[in-house]
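# Structural characterization, general
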Amino acid sequence: MADDYDMPKGELMKGKKGVVTGVANHQSIAFGIASQLAAQGAEMAFLHLPGMERRVQPLADQLGVKTIAPVDVTDDAAMDTAFKVVADSLGEIDFFVHSIAFANKDELKGSFVENTTREGFLRAMDISVFSFVDCARRAAALMPNGGSIVCMTYLGAERAIPNYNTMGVAKAGLEAATRYAARDLGPKGIRVNAISAGAMRTLSLAGISGGRGMLAQGRAMSAMKEDTSMEGVAGAALWLMSDLGRSTTGEVVHVDAGFHIMGLADDAEG
Ligand code: NAD
């Protein structure tokens, strides 16, 4: 099946349990990460947006994930219920993957200054940033023996990228939240990191005006002149989730084929 990833198998996650959020379909970054964690022996629960059961259940079955539960991260009661399902099914956990973002389509095109509304800005911050803080607090309560929390970000947090607009500001907030959470949770043995992935062909990218241009330019401007691979992103997640990452926290790890290191485009010699 085309949506199967051939992730390296092993036992790096054997005996570890955790939660993966943000699986919407087989292209979701969360599904790539979950595929790698499963191939290394992790036991998982999926938390997904309500209404996605029909798509998520087969993906969970494919990886042997026994628990899936709906949650809209803007709904406190739904968050209480979802984390209770996690606690009841897994007990203590070792890892948590936050792979959730949202902004209204109108905020993801044209002029940042002209098109950003109060309602749209707050919604993007709520779903894409506050939910991470909320998840980190709830996940940490299930990690008495330490653990690892990872979220997903993009270079638009650090640089002004056309059309990324409100989401870039949200990602900057998410990266700062990663550092603050790492500082808070470090003494409890809980590491918190962000993976800054290059543009990848997912539902979220399709919501951004000129998303295909982000892919093409990301490839053309990358040091390696290639797309960011799901395997590369999932491999970084495995490093951070497993004991291999034991001394890394508060970090933004770029997995973008070297897109973030580049200055001028190659043909900009004038
Ligand atoms: P995706 O659309 O597959 O994943 C986004 C997920 O967010 C979906 O599963 C969706 O259901 C979930 N979601 C949205 N609103 C929610 C809510 N209110 N409650 C619960 N869940 C909600 O796309 P993706 O590209 O896999 O995105 C995953 C993460 O990776 C996002 O944080 C995204 O910003 C980030 N990211 C994506 C790219 C890219 O190019 N695709 C690059 C870097 C970072």
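Scope of this entry: the structure provided in the associated data block. This is a predicted model, so every value here is computed, not measured. (Residues numbered from 1 in each chain as written. Predicted model: local features only at pLDDT ≥ 70, side-chain atom pairs only at ≥ 80, totals over all residues. Heavy atoms only, no water.)

## Things to note about the site of the ligand
Gly22, Ser28, Ile29, Met200 and Thr202 are the nearest of the 25 residues found near the ligand. The contact in question runs from an oxygen atom of the ligand to an N or O atom on the backbone of glycine 22, over 2.8 Å. When residues of the shell around the ligand are traced back to their parent elements, those giving at least two are strand S5 (147-153) and helix H7 (203-206). Considering each element in turn, the shell around the ligand owes the most residues, three residues, to H7. (Near = heavy atom within 4 Å. Polar contact = N/O pair within 3.5 Å; in protein donor to acceptor, adjacent residues only side chain to side chain. Helix = DSSP H or I, 4+ residues; strand = E, 2+ residues; numbered from the N terminus.)

## Concerning helix H9 (residues 230-241)
End to end, H9 covers 16 Å across 12 residues, agreeing with the expected 16 Å (1.5 Å per residue, within 8%). Where H9 is concerned, the buried positions are Met230, Val233, Ala234, Ala236, Ala237, Leu238, Leu240 and Met241. On its buried face, H9 is in contact with helix H1 (29-39), strand S4 (95-98), S5, strand S6 (190-197) and strand S7 (252-255). (Expected span 1.5 Å × (residues − 1). Buried < 20%, exposed > 50% of the residue type's maximum accessible area, 1.4 Å probe, protein only. Contact = heavy atoms within 4.5 Å.)

## Examining the sheet that holds S4
Backbone-to-backbone hydrogen bonds pair the strands of a sheet. The strands run either parallel or antiparallel. On the basis of which strands lie adjacent, the open sheet formed by seven strands has the order S3-S2-S1-S4-S5-S6-S7 and parallel pairing. At either margin of the open sheet sits one strand with a lone partner, and together these are strand S3 (67-70) and S7. In this sheet, neighbouring strand axes are inclined to one another by 20 degrees on average, regardless of whether the strands run parallel or antiparallel. The pairing of S5 with S6 spans seven bridges and is classified as parallel. (Pairing = 2+ DSSP bridges. Axes fitted to C-alpha atoms, helices over the stretch in contact; angles between N-to-C directions.)

## A few points about the packing of helix H3 (residues 76-90) against helix H5 (residues 118-140)
The interhelical angle for the contact between H3 and H5, taken along N-to-C directions, is 35 degrees, at an axis separation of 11 Å. Between H3 and H5 lies a crossing of right-handed hand. Contacts between H3 and H5 pair Asp76, Met79, Asp80 and Phe83 from the former with Asp134, Cys135, Arg138 and Ala139 from the latter. Grouping the constituent residues of the contact of H3 with H5 by class yields four nonpolar, no polar and four charged. (Left-handed = near helix turned anticlockwise from the far one by under 90°. Nonpolar A, V, L, I, M, F, W, Y, C, P; charged D, E, K, R; others polar.)

## A closer look at the pairing of strand S1 (residues 17-21)
Across the five residues of S1, four count as buried, placing the element largely inside the fold. In terms of strand pairing, S1 meets strand S2 (residues 43-48) through five bridges, oriented parallel. Pairing of glycine 18 across the sheet is with methionine 44, part of S2. Since S1 and S2 lie parallel, the crossover through H1 that links them has a hand, and here it is right-handed. Direction of pairing for S1 relative to S4: parallel, over a ladder of three bridges. Directly across from valine 19, in S4, lies its bridge partner phenylalanine 96. (Right-handed = clockwise from strand over helix to strand, strands pointing away.)

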